[in-house]
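Listed below, chain by chain, are the residues.
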Amino acid sequence: MFRFFRRQKQEQPAPEAEAPQAVEVAPVPAPVAPVAPAPAPVAPMAPASAPAVAQNLALEREIEEEEREQKQKVAKSLQSTRRGFFSQITELFSADEITSSLWDDLQDLLVLGDCGVDTTNYVLDELEKRVNRERIRRASTAYSILKGLMVQVLEAPLSTHRPPWLSNRTMPHPYVMLVVGVNGVGKTTTIAKLTRYFQRLGNAVILGAADTFRAAAIDQLEIWAERAGAPLIALQPNSDPGAVVFDAVGAAISRNSDILIIDTAGRLHTKTNLMEELKKLRRICEKQLPGSPHDVLLVIDATTGQNGLQQAKIFTEAVEVTGVVLTKLDGTAKGGIAFAISRELGLPIRFIGTGEKLDDLAEFDATQFVDALFA
Ligand SMILES: Nc1nc2c(ncn2[C@@H]2O[C@H](COP(=O)(O)OP(=O)(O)O)[C@@H](O)[C@H]2O)c(=O)[nH]1
Ligand SMILES: [Mg+2]
């Protein structure tokens, strides 16, 4: 349970920041105070004293409560998605016995629900095989197997590139994340949410505004940065995004920041120059800080369905995407796109966006997601 290991702020003072060439838009607050008071970390090795045990129990209870609330929130935000195609799937299986038309109806609903033909056929084949092999008659048994298969589809890519922030491994320092995706999918909003998320784990987060294409994009990130109390490295509109990345990585190093999150432009993905620009940003990170960027998160708007999948393919070919944030699942999304992304692209979904506020971000949990959709 990684929350036990909230990173403590380092005590040593940050080295003097070299005068960055970039305009620093937001004031640098004295060490970023974690939003939630970070409890003392649990020391698993030392024999615990009675007050420490009590404290640990209280912390455990607090975490359980937090997780329960998070689950309820995700289920609630997925309500309208569930009411679409997935509730019809649940109805299909409400009969006692498996009917002859079940497979065709299920195929239609999975495709209509955005799961994609490839993923739908895979799930149907596997389900039919199990049902025949195990001579299953009851629809409810087949339904449980279907849910298990859907979880498997989502879980398969989760083990690839498991980021250190999910597995208690030591984070490279600073840890650099590049956030990419087409305009309007929710990149900037997601960056604000991620800032809050990582601050809550005790990290000092710094932001880079490399979407210099639109002045409004810089302003928007500035507002979020101020709200989250994170410093922002930005240049004038229309300046070279590469220069912003260069300055931002430099600033993250000189200020001893834990995590740098870089916003990027998202003008039409069909324009090859955006892909070239993103490749260049990658190279600048690598040159400034070998091994970085450590994560390239692709933001996909779940309401765009199969079109979102096409976008994802193009980004994946251009920059090595390490994970996906699926946004706007609180709206009219059909939800099946999550399965198509996992199976057809082999990309792990790391977070889901469930609203427009800072706290509307949840770590992706395959079982929880399937339970919420098929409830
Ligand atoms: N309902 C909902 N709206 C979102 C979510 N994420 C982002 N948005 C909205 O989507 C719009 C575009 O977001 P923005 O972050 O500017 O997208 P960008 O162009 O990719 O940076 C804004 O109105 C956001 O409030 C989400 O998870 N749910
Ligand atoms: Mg933006």
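Everything numeric here is computed off the predicted structure, so don't read it as measured data. (Residues numbered from 1 in each chain as written. Chains lettered and ligands numbered in written order. Predicted model: local features only at pLDDT ≥ 70, side-chain atom pairs only at ≥ 80, totals over all residues.)

Structural notes on the overall build of the chain
Turning to step 1, where the next piece is worked out: Of the regular secondary structure elements, the chain holds 13 helices and 9 strands.
Turning to step 2, where the next piece is worked out: When burial is assessed residue by residue, the chain has 42% of its 375 residues classed as buried.
Turning to step 3, where the next piece is worked out: Sequence-distant contacts in the chain: of pairs separated by 6 or more residues, those separated by 24 or more amount to 79%. (Helix = DSSP H or I, 4+ residues; strand = E, 2+ residues; numbered from the N terminus. Buried ≥ 20, exposed ≤ 12 C-beta atoms within 10 Å, placed from the backbone. Contact = placed C-beta atoms within 7 Å.)

Overview of helix α2 (residues 79–92)
Turning to step 1, where the next piece is worked out: With 14 residues, α2 extends 19 Å between its outermost C-alpha atoms, agreeing within 8% with the 20 Å of an ideal straight helix rising 1.5 Å per residue.
Turning to step 2, where the next piece is worked out: The principal kink in α2, of about 50 degrees, is found at phenylalanine 85.
Turning to step 3, where the next piece is worked out: Taken residue by residue, α2 has Thr81, Phe85, Phe86, Ile89 and Leu92 as its buried positions. (Expected span 1.5 Å × (residues − 1). Bend = angle between axes of the 7 residues up to and from the residue.)

Here's the deal with the site of ligand 1
Turning to step 1, where the next piece is worked out: Close to ligand 1 lie 18 residues, the nearest being Gly186, Lys187, Thr188, Thr189 and Gly353.
Turning to step 2, where the next piece is worked out: Broken down by element, the shell around ligand 1 gets its largest block of residues, 3 residues, from helix α7 (residues 187–200).
Turning to step 3, where the next piece is worked out: Considering only residue class, the shell around ligand 1 consists of 1 nonpolar, 12 polar and 5 charged. (Near = placed C-beta within 6 Å. Nonpolar A, V, L, I, M, F, W, Y, C, P; charged D, E, K, R; others polar.)

Points about helix α1 (residues 50–77)
Turning to step 1, where the next piece is worked out: Here α1 contains 28 residues, and its C-alpha end-to-end distance of 41 Å stays within 8% of the 40 Å for a straight helix at 1.5 Å per residue.
Turning to step 2, where the next piece is worked out: Little of α1 is tucked away: 2 of the 28 residues are buried.

Let's talk about the nonpolar core
Turning to step 1, where the next piece is worked out: Ranked by size, the top nonpolar core spans 97 residues in total, and within it Met177, Leu207, Val245, Leu260, Ile261 and Leu298 carry the most contacts.
Turning to step 2, where the next piece is worked out: The residue makeup of this core includes at least three contributed by each of domain 1 (79–157) and domain 2 (164–365).
Turning to step 3, where the next piece is worked out: Not counting residues up to four positions away in its chain, the partners in contact with valine 245 are Gly208, Ala210, Ile262, Leu281, Ile284 and Cys285. (Core = buried A, V, L, I, M, F, W, Y, C linked by C-beta atoms within 7 Å. Domains from an automatic or database assignment.)

Observations regarding the environment of aspartate 125
Turning to step 1, where the next piece is worked out: Residue placement: aspartate 125 occurs in helix α4 (residues 117–133).
Turning to step 2, where the next piece is worked out: By the C-beta count within 10 Å, which is 11 here, aspartate 125 ends up exposed.
Turning to step 3, where the next piece is worked out: The spatial distance from the C-alpha of aspartate 125 to the C-alpha of tryptophan 103 is 9.7 Å, given a sequence separation of 22 residues.

Some words on the packing of α4 against helix α5 (residues 139–155)
Turning to step 1, where the next piece is worked out: At a minimum axis separation of 10 Å, α4 and α5 run at an interaxial angle of 135 degrees. Between α4 and α5, the crossing angle belongs to the class labelled oblique. Seen from above, α4 lies across α5 with right-handed handedness. Contact residues: α4 offers Thr119, Val123, Glu126, Leu127, Arg130 and Val131, while α5 offers Ala142, Ile145, Leu146, Leu149, Met150 and Val153. (Axes fitted to C-alpha atoms, helices over the stretch in contact; angles between N-to-C directions. Parallel < 35°, antiparallel > 145°, perpendicular 65-115°, else oblique. Left-handed = near helix turned anticlockwise from the far one by under 90°.)

Looking at unusual backbone geometry
Turning to step 1, where the next piece is worked out: At the junction of histidine 173 and proline 174, the peptide bond is cis and its omega measures out at -5 degrees in the coordinates.
Turning to step 2, where the next piece is worked out: Mapped onto the secondary structure, proline 174 falls in the loop between α6 (164–167) and β2 (175–180).
Turning to step 3, where the next piece is worked out: Omega for the peptide link from serine 292 to proline 293 comes to 0 degrees, which places this bond in the cis form.
Turning to step 4, where the next piece is worked out: Positive phi outside glycine occurs at arginine 135, with the angle close to 50 degrees.
Turning to step 5, where the next piece is worked out: Within the secondary structure, arginine 135 is located in the loop between α4 and α5.
Turning to step 6, where the next piece is worked out: We classify arginine 135 as exposed; it has 6 C-beta atoms within 10 Å.
Turning to step 7, where the next piece is worked out: Of note, the phi angle at asparagine 238 is positive, near 70 degrees, even though the residue is not glycine.
Turning to step 8, where the next piece is worked out: On the secondary structure map, asparagine 238 appears in the loop between β4 (232–234) and α9 (241–254).

A closer look at the pairing of strand β8 (residues 349–353)
Turning to step 1, where the next piece is worked out: Of all the 5 residues making up β8, 5 are buried; the element is thus mostly covered by neighbouring parts of the structure.
Turning to step 2, where the next piece is worked out: The pairing of strand β7 (residues 323–327) with β8 spans 3 bridges and is parallel. Bridging across to β8, valine 324 finds its partner in isoleucine 349.
Turning to step 3, where the next piece is worked out: The parallel pair β7 and β8 is bridged by helix α12 (residues 337–345), and the resulting crossover is right-handed.
Turning to step 4, where the next piece is worked out: Examined bridge by bridge, β8 and strand β9 (residues 361–363) share 3 bridges and lie antiparallel to one another. Within β9, the position partnered with isoleucine 352 by the bridge is alanine 362. (Pairing = 2+ DSSP bridges. Right-handed = clockwise from strand over helix to strand, strands pointing away.)

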